[in-house]
Amino acid sequence: VGHTEPLHMDATCGTLCQLRGRKRVVLFPAPCWPDLYPFPASKSGMSWAFSQVVQSNPDFAKFPRLRQALERRLVVELQEGEVLYIPAGCAHEISGARALADGSPADHVLSINRFWRTSPDLVRPHMPPDAQKSYDETMAQWA
């Protein structure tokens, strides 16, 4: 198994184009974001666009609403030549696998992300209230 990008959401729509190797993508619908416990925007130093949850070791005592979000998750294995559309606000965790679909080793894992301008009206309803100021100061200008 290669690199894992932690559970996060992007404030823009985008596509993930898989060029070499495979990727495992765990997706959550945008309304699940509060149940994935994003970092507070103003206190932690971490971006509000990242979750405090570690899916491989869920702490239901600390994050009780996580159970609800896990019921709605979707897991996709992205193969070479495939493209996945990820709507703005949809949380996702992406892990690279250094093996091809036939099980033979891939010399590397390579993908390209493409993001584009996205209306703030698609993102704001799913953002924590404390993150909206940060969003307005940084990302909303690109809408």
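Up top is the structure these notes are about.
Okay, so let's go over this structure. The structure presented is a predicted model; accordingly, all values stated were derived computationally and were not measured. (Residues numbered from 1 in each chain as written. Predicted model: local features only at pLDDT ≥ 70, side-chain atom pairs only at ≥ 80, totals over all residues. Heavy atoms only, no water.)

Throughout the structure, instances matching the rule amount to two aromatic pairs. Between Tyr37 and Phe63, the ring centres sit 4.8 Å apart and the planes meet at 50°, which makes this aromatic pair tilted. Taken together, the positions of Tyr37 in the loop between β3 (22-28) and α1 (66-70) and Phe63 in the loop between β3 and α1 put the pair 26 residues apart, joining distant regions of the chain. Summarising the burial analysis for this pair, Tyr37 and Phe63 share the class buried. Ring geometry for Tyr85 and Trp116: centres 6.1 Å apart, planes at 20°, overall stacked. Placement of the pair is Tyr85 in strand β5 (residues 83-86) and Trp116 in strand β7 (residues 110-116), with a sequence separation of 31 residues. Tyr85 sits in the partly exposed class, given a relative accessible area of 46%. Look at Trp116 and you get partly exposed, because its relative accessible area is 33%. (Phe/Tyr/Trp six-rings, centres within 6.5 Å; stacked < 30°, edge-to-face > 60°. Helix = DSSP H or I, 4+ residues; strand = E, 2+ residues; numbered from the N terminus. Buried < 20%, exposed > 50% of the residue type's maximum accessible area, 1.4 Å probe, protein only.)

A few words on the environment of Arg73. Within the secondary structure layout, Arg73 lies in the loop between α1 and β4 (74-78). Spatially, the C-alpha atom of Arg73 lies 7.4 Å from that of Pro29, the residues being 44 residues apart in sequence. The contact partners of Arg73, leaving out residues within four places of it in the chain, are Val26, Leu27, Phe28 and Gln55. Of note is the side chain of Arg73, whose polar atom sits 3.4 Å from the side chain of Gln55. (Contact = heavy atoms within 4.5 Å. Polar contact = N/O pair within 3.5 Å; in protein donor to acceptor, adjacent residues only side chain to side chain.)

Let's shift gears to the side chain of Lys23. Mapped onto the secondary structure, Lys23 falls in strand β3. There is no salt bridge for the buried Lys23, and the closest opposite charge comes from Glu5, which lies 8.2 Å off by N-O distance. Here Ser111 takes part through its side chain, which lies 2.6 Å from a polar atom of the side chain of Lys23. Apart from the residues lying within four places of it in its own chain, the contact partners of Lys23 are Gln18, Val76, Glu77, Leu78, Ile94, Ser95, Gly96, Val109 and Ser111. (Lys, Arg positive; Asp, Glu negative; His and termini not counted. Salt bridge = Lys/Arg side-chain N within 4 Å of Asp/Glu carboxyl O.)

Moving on, we get to the nonpolar core. Formed by 23 residues in total, the largest nonpolar core has its most connected members in Phe28, Leu36, Trp48, Val123 and Met127. Put simply, the parts of the chain that give this core at least two residues each are β1 (4-9), β3, α1 and α3 (129-138). No other element matches α1, which puts three residues into this core. Beyond its immediate chain neighbours, meaning those up to four positions away, Val123 contacts Met9, Ala11, Ala88, Thr118 and Tyr135. Grouped together as the second largest cluster of nonpolar side chains are nine residues, Val25, Leu84, Ile86 and Cys90 included. (Core = buried A, V, L, I, M, F, W, Y, C linked by side-chain atoms within 4.5 Å.)

A word on the sheet that holds β4. Across a sheet, strands are paired by hydrogen bonds formed along the backbone, either parallel or antiparallel in direction. Read from one edge of the open sheet, four strands run β1-β6-β3-β4, paired in antiparallel fashion. Unpaired on one side and paired on the other, β1 and β4 mark the two borders of the sheet. Across this sheet, the average inter-strand angle for adjacent strands is 15°, counted without regard to direction. With five bridges connecting them, β3 and β4 associate as antiparallel partners. Of the residues in β4, the one forming a bridge with Lys23 is Leu78. (Pairing = 2+ DSSP bridges. Axes fitted to C-alpha atoms, helices over the stretch in contact; angles between N-to-C directions.)

The next subject is the pattern of salt bridges. Opposite charge on two side chains permits pairing when their charged atoms draw close. All chains considered together, the criterion is met by three salt bridges. We note a salt bridge from Glu80 to Arg20, for which the minimum N-O separation is 3.2 Å. Placement of the pair is Glu80 in the loop between β4 and β5 and Arg20 in strand β2 (residues 13-20), with a sequence separation of 60 residues. Judged by relative accessible area, which is 34%, Glu80 ranks as partly exposed. Arg22 is paired through a salt bridge with Glu77; the nearest N and O atoms lie 3.2 Å apart. Of this pair, Arg22 sits in strand β3 while Glu77 sits in strand β4, and the two are 55 residues apart along the sequence.

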